[in-house]
Amino acid sequence: MLLRQVDPRHAAVLADFVRKVVASRTVWAVAGAEGLARLPSPTRRAREATIFWAEQEDAERAAEKVATEPRVKPIPLADFMHEVLPKLRELERAVGTNWLAAPCEPEIEPTELVDRLRQEILASFVRQAVGQGGLYILEDDQGPTFAASTEVPNTLILPVWTQREEAEIVQRGFWQDMDVSHIPVATFIERTLVWLGEIGRSVAPSYTPRVANIELAPGDIAERLKKLQRLQAHV
């Protein structure tokens, strides 16, 4: 069930939260004596909302108001999506975003927030790939590095990033013998994605090890990239 939003400003605050945490890959929380800070839900009686912020400064300003013995802590976005939000769903808690920092107190179901974050991760990937004109993969003399799919058993996916730094982080942790390679977006669309389609493998934009990543068919990601290219060509 979606939570009832009583203020039209909620959508803007939620969108701002999602956009910022995807850009920074970090969510800010306040931990107190009773765990992560939470307050009564403004829309559901006898329910609580655990609160998170997109920026450290906002979390610090709110800390004393939402917890005893507060500690402001960063949560990597991957951990937030794949550990924190599923746990909140089990506890039947809502999520409050940027409370006490925004002009309203929006809340959202954990599962819906996961969906919105995944959508923004994909949208951000496409914007950056087209805007920068290229992206990054890991490869060696034998070809690109593939990872195991978390959606389809016995299937491989191609990890792809728009930031060299993100590819290097994964390289250092999991594929130290591989090299980070830059691919122009035109080459990626016209050659790499065509080849992946021929061998039946998918693409994992902004891949993060050990979590359920976004996985797209080569034709799907190609169409998203080409659509944005067409739009920008007319601007």
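Computed from a predicted model, the values in this text were never measured in an experiment.

1. Structural notes on the sheet that holds strand β11 (residues 156–160)
So, step 1. Spatially, the three strands line up as an open sheet ordered β10-β11-β13, and their pairing is mixed. At either end of the open sheet lies a strand with only one pairing partner, and these are β10 (147–148) and β13 (202–205).
So, step 2. As paired strands, β10 and β11 are joined by two bridges and run antiparallel to one another. By the bridge assignment for β11, Ala-147 is matched with Ile-157.
So, step 3. Docked against the sheet, helix α6 (residues 185–199) engages β11 and β13, running at close to 160° with respect to β11.

2. What about the sheet that holds strand β9 (residues 143–144)?
So, step 1. The strand order across the open sheet built from three strands is β9-β8-β12, with neighbouring strands paired in antiparallel fashion. Where the open sheet ends on each side, the last strands, each with one partner, are β9 and β12 (179–184).
So, step 2. Alignment of strand β8 (residues 134–140) against β12, held across six bridges, turns out to be antiparallel. Within β12, the position partnered with Leu-138 by the bridge is Val-180.
So, step 3. Relative to β12, α6 is tilted by about 105°, and along the sheet it contacts β8, β9 and β12.

3. Some details on the nonpolar core
So, step 1. If you look at the biggest cluster of nonpolar residues, it comprises 45 residues, and the most contacted ones within it are Phe-52, Phe-80, Leu-117 and Leu-225.
So, step 2. Of all the elements in the fold, those that place two or more residues in this core are α1 (9–24), β1 (26–32), α3 (77–90), α4 (110–132), β8, β11, α6 and α7 (218–233).
So, step 3. It is α4 that provides the largest number of residues to this core, a total of nine residues.
So, step 4. Apart from the residues within four sequence positions on either side, Leu-225 is in contact with Val-126, Ala-129, Val-130, Val-185, Phe-188, Ile-189 and Leu-193.
So, step 5. Core analysis: the next-biggest nonpolar cluster, separate from the first, contains 13 residues, Trp-28, Val-30, Ala-37 and Ala-49 among them.

4. So, the packing of aromatic side chains
So, step 1. In the structure shown here, the tally under the stated rule is four aromatic pairs.
So, step 2. Aromatic pair Phe-52 and Phe-80: ring centres 4.8 Å apart, planes at 75°, arrangement edge-to-face. In this pair, Phe-52 sits in strand β4 (residues 48–53) while Phe-80 sits in helix α3, placing the two residues 28 residues apart along the sequence.
So, step 3. Judged by relative accessible area, Phe-52 falls into the buried class, the value being 0%.
So, step 4. A network of ring pairs unites the aromatic residues Trp-161, Trp-175 and Tyr-207 as a single cluster.
So, step 5. Positioned over the ring face of Phe-146 is Arg-201, at 4.5 Å from the centre of the ring.

What counts as what
- Residues numbered from 1 in each chain as written.
- Predicted model: local features only at pLDDT ≥ 70, side-chain atom pairs only at ≥ 80, totals over all residues.
- Heavy atoms only, no water.
- Pairing = 2+ DSSP bridges.
- Helix = DSSP H or I, 4+ residues; strand = E, 2+ residues; numbered from the N terminus.
- Contact = heavy atoms within 4.5 Å.
- Axes fitted to C-alpha atoms, helices over the stretch in contact; angles between N-to-C directions.
- Core = buried A, V, L, I, M, F, W, Y, C linked by side-chain atoms within 4.5 Å.
- Buried < 20%, exposed > 50% of the residue type's maximum accessible area, 1.4 Å probe, protein only.
- Phe/Tyr/Trp six-rings, centres within 6.5 Å; stacked < 30°, edge-to-face > 60°.
- Lys NZ or Arg CZ within 6 Å of the ring centre and 35° of its normal.

Coordinates in, geometry out; function isn't part of it.
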